[in-house]
Amino acid sequence: MINQEPVVSLKGIGEKTAALYAKLEIHTIHDLLHYYPRAYDAYEPPISIFAAAESPAVAVGVLLPKAPDLLRFGNIQTVSIVLKEAGVSLQVVWYNMPYIRASLKAGSRYVFRGRIVRKKSRLILEQPEIFTPESYQEVVHSMQPVYGQTRGLGNKAIIKTMHLALETRTLEREYLPEALRAKYQLAESNFAIEHIHFPKDREELLSARKRLVFDEFFLFLLAVRLLREKRVDKESPYRIPASREAAKLEASLPFALTTAQKKALEEVRRDMAGGIVMNRLIQGDVGSGKTIVAILALLETANAGYQGALMAPTEVLAKQHYESIQELFAAHDIQKCLVLVTGSMTAKEKRIAYKKIASHEADIIIGTHALIQEKVQYHNLALVITDEQHRFGVGQREMFGNKGNLPHVLVMSATPIPRTLAIILYGDLDISVIDELPKGRQSIKNCVVGVEYRKKAYAFLAREIAAGRQAYVICPMVEASEMIEAENVLDYTKVLRQELPPSITVEYLHGKMKGKDKNKIMERFAAGEIQVLVSTTVIEVGVNVPNATVMMIENAERFGLAQLHQLRGRVGRGKYQSYCIMINTSEDEDTNKRLDILNHSNDGFYIASEDLKLRGPGDLFGQRQSGEMEFRLADIFTDADLLKKVSEEVDSLLKEDPLLEAESHRELKKHLDSYLEKSYDKLNL
Ligand code: ADP
Ligand code: MG
């Protein structure tokens, strides 16, 4: 593969900066080039003061009636002026830039471009860039990329590096068949990469994006189809009959399985006993009860004398599965040896676990992607299950399936994909759907409110906790940031400790903590020792603490709908009435409409389809349905039409040249191989 030089090889990038890039998972020039902007800052034509509203970036055309004032608050010098038009006033401020004042002349026209915030019902334009009307005219309609950033590595720096990388990169050879490019009018790939970063205008951006989305789908579907060829209708070395112990467990659960669960379980049992290798997806909304189906399948496998393994996308979830299965088995007197394997275990703990696995002392193995590392040697591994599959790449799925000798494969996902799309995206799998929630669930009560509601929310939390329940509070950030104004876990924890009665234990959890510490917090929360857990989205998938009844989400506007739905799915998992409080700090109308969808429905499929209507096809700037599958740009919902077309193209290509052996497909084959290889390497969850 080309452009594999490390980022330090770029002029002006030292080890320190490279370490910052590494935080963004950018190691090579290739990684950098494929680090696409999160958004674009479009230099729209200036608006008048009258039209001013909260906005992250807006240009306002003004006529300065007088020179601004220079004010002093403690150490801070502020240049400030209040501008009025037709009864609307807008305060413009610059902090610690006293010299600005001299450059602004009374009676002149300017364009100020910056962020407008609302503080105590006053609109304030903060630190705007200053243009003359003429100089603004030169940049109007241009688009600047906005990248995901990290502390110490701001947008400007990334832009500069990106320019450098584009200038010095090795160009790729075109690998898409010429006929396809012509048919779909796809931009050339090097061109697309350049212009996804620096489009001249919207049209150029759309063309770059279309090409890259096409590629994402194309490579993904090729990989999936080739996997299918490899796996489908293979005879299985493992016949796993239903066991009496599993039936007994099923019958003595504290609840009866839903009809949908029973049906899925039956399909799994039939596959496992049938003599053909199982390749099955269980799709079911959050809280529909997928885990118990997995557990029963694992138990059947163990009872047949084989090993079964369950892979979860996060340590927190792996640990939780391990413990709840442990508990369940103990309560029903089931003697099976469970082993946990995660990245944060010490070398010694790992050695012991590997030994138990290799010697087949372990019947059921649970872990993160650490399960697919080379050192783990299974013995008669007959069933592999991946939970919350959308977090894993196809490559990882395949690697897991390749462990052992043609094990049965079961994947579980809560991503609400319509059946037509699921058949395309999971072309290598049969599908079972759990389309029913357990009986007796009370539907979650939702509200979307502003920050002024916080006090009431805290009082509500305190009441729920007094009644014995627990709560999650989600913040988008781990710690305070100069660049992004949003609540952060560390400060919020302090605030809550003050706001809530001292008898309430408030702790926090975030992805930057050590695995051990995360586990400890999660265990204590599950055990009810912690009443309020302030967390980032690390708890988004899978976590199950049925006693938790309140999910409070700060800066709800910053999350995608699917993500909010997943987060909300952490409550309403038991018999208690549950609540989701979404704090919305945005006044943007579209954002409010989006949140309103969640406010009125708890149904993942409905939410996804309404979201789609709101966003419309090809929407670039809306929140994506959040990282489903492994696409960086593509959105399976808004790009569904293209996805279907690509699927047809992939089918006809493979019909014509099943192994991509033709000379004209050589570049494509090379590209596909490195795509799969990368997907294997993506063990960074
Ligand atoms: P998910 O599908 O999101 O993975 P889980 O499998 O974690 O959901 O199940 C959520 C909760 O529902 C768990 O506490 C589980 O014990 C419980 N549960 C599962 N099936 C049923 C059922 N048929 N009736 C009542 N509760 C159930
Ligand atoms: Mg789950």
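Our subject is the structure that appears above.
Reading guide: rules and limits
Residues numbered from 1 in each chain as written. Chains lettered and ligands numbered in written order. Predicted model: local features only at pLDDT ≥ 70, side-chain atom pairs only at ≥ 80, totals over all residues. Heavy atoms only, no water. Near = heavy atom within 4 Å. Polar contact = N/O pair within 3.5 Å; in protein donor to acceptor, adjacent residues only side chain to side chain. Areas by Shrake-Rupley, 256 points an atom, 1.4 Å probe, with all protein chains shown as cover. 1 Å grid on protein atoms, 1.4 Å probe; cavity = no way out; pocket = protein on both sides within 12 Å on 5 of 7 lines; lining within 4 Å. Sits in = over half its atoms within 2 Å of the grid points. Nonpolar A, V, L, I, M, F, W, Y, C, P; charged D, E, K, R; others polar. Core = buried A, V, L, I, M, F, W, Y, C linked by side-chain atoms within 4.5 Å. Buried < 20%, exposed > 50% of the residue type's maximum accessible area, 1.4 Å probe, protein only. Helix = DSSP H or I, 4+ residues; strand = E, 2+ residues; numbered from the N terminus. Contact = heavy atoms within 4.5 Å. Points joined across faces, edges and corners; volume = space filled by probe spheres on them. Salt bridge = Lys/Arg side-chain N within 4 Å of Asp/Glu carboxyl O.

Details of the site of ligand 1
Residues in close proximity to ligand 1 total 17 residues, the closest being G287, K290, T291, R441 and R573. Contact between ligand 1 and A256: a nitrogen atom at 2.9 Å from a main-chain N or O atom of the residue. Between an oxygen atom of ligand 1 and a side-chain N or O atom of R441, the distance comes to 2.5 Å. Taken by itself ligand 1 offers 570 Å² of open surface, and the protein chains cover 86% of this. Counting atoms within 2 Å of the grid points, the majority share of ligand 1 lands in the second largest pocket. For the shell around ligand 1, the residue count by class is six nonpolar, seven polar and four charged.

Section: the nonpolar core
Soluble globular proteins tend to pack their nonpolar side chains together in the buried interior. Within the largest apolar cluster, 93 residues are counted, with the highest numbers of intra-cluster contacts made by F214, F218, L222, V341 and Y378. The greatest single-element share of this core, amounting to 13 residues, is contributed by helix α8 (residues 202-231). Setting aside residues up to four positions removed in sequence, V341 forms contacts with A353, Y354, I357, I365, I366, G367, T368, A370 and L371. Of all hydrophobic cores here, the second largest spans 43 residues; its members include I240, L338, I364 and L410.

Regarding the layout of surface pockets
As a volume, the second largest pocket reaches approximately 1,400 Å³. Those elements giving two or more residues to the lining of the second largest pocket turn out to be α11 (290-303), α12 (315-331) and α18 (515-526). If you tally residues by element for the lining of the second largest pocket, the top one is α12, at nine residues. Looking at side-chain class alone, the lining of the second largest pocket contains 18 nonpolar, 16 polar and twelve charged residues.

What to know about the pattern of salt bridges
Counted according to the given criterion, the structure contains 33 salt bridges. Across the pair R280 and E267 runs a salt bridge whose closest N-O atoms are separated by 3.8 Å. One end of the pair, R280, is in strand β9 (residues 279-284); the other, E267, is in helix α10 (residues 259-273), and 13 residues separate them in sequence. Overall, E267 belongs to the buried group, its relative accessible area being 14%. When salt bridges that share partners are traced, they join E174, E178, R181, R211 and D215 into one network.

None of this, on its own, says anything about what the molecule does.
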